[in-house]
Amino acid sequence: MKPRRPAKPRPGVRRPVRARAALAATALATLTACGSGPSLENQGAVTAPPGDSHHLVIGSAGFTESDLLAQLYAQLLDQAGYQTSLITVANRELYEPALESGQIDVAPEYAATFADWLNAKAHGADAPPAGSPDLAKTMKNLRALAAPRGLTVLPPGRAVDQNAFAVSASYARRHHLKTLSDLGASGLKVRLAAGDECVKRPYCAPGLKKVYGIDITAVDPKGVGTTPAKQAVQSGRDQLVLTTTTDATLGSFGLVLLADDKHLQNADYIVPVVNRARAGSERVAKALGKLNDVLTTKDLADMNQQVDSWRRLPADVARTYLKDHGLIK
């Protein structure tokens, strides 16, 4: 599975912090006493007509990008005539059941990561992966896993937050590197700054060796896209760092991404997931689908930078973006 960034809770829109916190506390308390949505045998709940509740709760996983996406969803739904509120539940083990039960109606997710998570929940941690680099296959598997739980996965757009690998710009110029294949063909010995799990994960060191032929001499356990990891590559201590495609801080460290030209990474395209009984209507899908026409990976990285580096509020960044693209007034 794709590692997620640490939670960075941010304020929501139009709901006082105290009220939003109360909603979160109530939802989490209720979770401990209720089921996790329709049972796999309860096909009536799954095939019931999609709902169209007037008030929708948008869930965020509590890190910058998730907060931004939740704000984008909320403001698009506001424009479509819904009343919305936001709730932050940083632990997927809690917010996914809340999505099933209807305490959360809409949430941003990552196609391959969520497919693998639901697959492990349904079939155990050792089940063959449901996510893959093939977006169509990943979406088919994801929807098949989500539907029995009363969830509908809306179409993905162009924005993708995948694992990615970066080198210093000077190192790339010196060795004529643009892709991971270039790095493998160079025969250079590479020390990789990443999380300690990278030693075994197939998308990380083993995949770089097997798919690209990169000579990974060691994994420096500095975390995924952390400042110390980027500094290690910037200084030359390490040559490669594991980060993500929406990391907007690479330039400030003098780093550049190498293209995953053989598609080692899974298709972690951003997808809205909705509770079918409450937010499964065509009107919700149409409102959120407007974002698919404009939002790119670069756009998302730029918005992340505005929040993390410029200290702008996610609600303000999202509003500016939607206005600039003519999606809200």
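See the structure printed just above.
This report concerns the structure included in the present document. In this numbering scheme, every chain counts its residues from 1 along its sequence in written order. Confidence filtering applies because this is a predicted model: local features only for residues at pLDDT of at least 70, side-chain atom pairs given and counted only at 80 or more, and all residues used for totals across whole chains, interfaces and linings. Based on all heavy atoms of the structure, the side-chain values leave hydrogens and waters out of the count.

Here the focus is the environment of L151. To qualify as a helix, a DSSP run of H or I must reach at least 4 residues; to qualify as a strand, a run of E must reach at least 2; elements of each kind are numbered from the N terminus. Mapping L151 onto the fold places it in strand β4 (residues 151-153). Distance in space between the C-alpha atoms of L151 and R276 is 5.3 Å, their sequence separation being 125 residues.

Turning to the packing of helix α5 (residues 111-123) against helix α6 (residues 135-146), a few remarks are in order. Between N-to-C directions, angles span 0 to 180 degrees; the directions come from axes that are lines fitted to C-alpha atoms, helices contributing only their stretch in contact. It is at 9 Å that the axes of α5 and α6 come closest, and there the two elements cross at 45 degrees. As summarised for this structure, α5 and α6 are arranged oblique, according to the angle between their axes. Every pair of crossing elements has a handedness; the one defined by α5 and α6 is left-handed. Between α5 and α6, the contacting residues are A111, A112, F114, A115, L118, N119, A122 and H123 on the first element and T138, M139, L142, L145 and A146 on the second. Ten residues, namely Ala, Val, Leu, Ile, Met, Phe, Trp, Tyr, Cys and Pro, are considered nonpolar, four, namely Asp, Glu, Lys and Arg, are considered charged, and the remaining ones, Gly among them, are considered polar. Partitioned by chemical class, the residues of the contact of α5 with α6 number 10 nonpolar, 3 polar and no charged. Geometric relationships in this document are graded by angle, where less than 35 degrees denotes roughly parallel, more than 145 denotes roughly antiparallel, 65 to 115 denotes roughly perpendicular, and other angles denote oblique. Put simply, a crossing is left-handed when the front helix is turned counterclockwise from the back one by less than a right angle, and right-handed when it is turned clockwise. Note on contacts: a residue pair qualifies if any of its non-hydrogen atoms lie within 4.5 Å across the two residues.

Now for the state of the cysteines. Counting rule for disulfides: a pair of cysteine sulfur atoms within 2.5 Å. Evaluation of the coordinates by the stated rule reveals 1 disulfide. Each sulfur of the disulfide joining C198 and C204 lies 1.8 Å from the other. In this structure, the disulfide formed by C198 and C204 twists by about -85 degrees around the S-S bond and is classed as left-handed.

Strand order across the open sheet formed by 5 strands is β7-β6-β8-β5-β9, with mixed pairing between neighbours. Both outer strands of the open sheet, β7 (215-221) and β9 (255-258), are each paired with one neighbouring strand and no more. The sheet shows a mean angle of 40 degrees between the axes of neighbouring strands, taken without regard to direction. A pair of strands is considered paired only if DSSP assigns at least 2 bridges between the two. Bridge count between strand β5 (residues 163-168) and strand β8 (residues 240-244): 4 bridges; the pairing is antiparallel. Looking across to β8, one finds that F165 is bridged to L242. Sitting on the sheet, helix α9 (residues 205-212) touches β5, β6 (189-194), β7 and β8, and the angle it makes with β7 is about 165 degrees.

Before going further, it helps to examine the packing of helix α13 (residues 297-308) against helix α14 (residues 314-324). α14 packs onto α13 with a crossing angle of 145 degrees between their chain directions and a minimal axis gap of 9 Å. The element α13 and its partner α14 pack so that their crossing is right-handed. Where α13 approaches α14, its residues D299, M303, Q306 and V307 are matched on the opposing element by P314, V317 and Y321. The residue makeup of the contact of α13 with α14, split by class, is 5 nonpolar, 1 polar and 1 charged.

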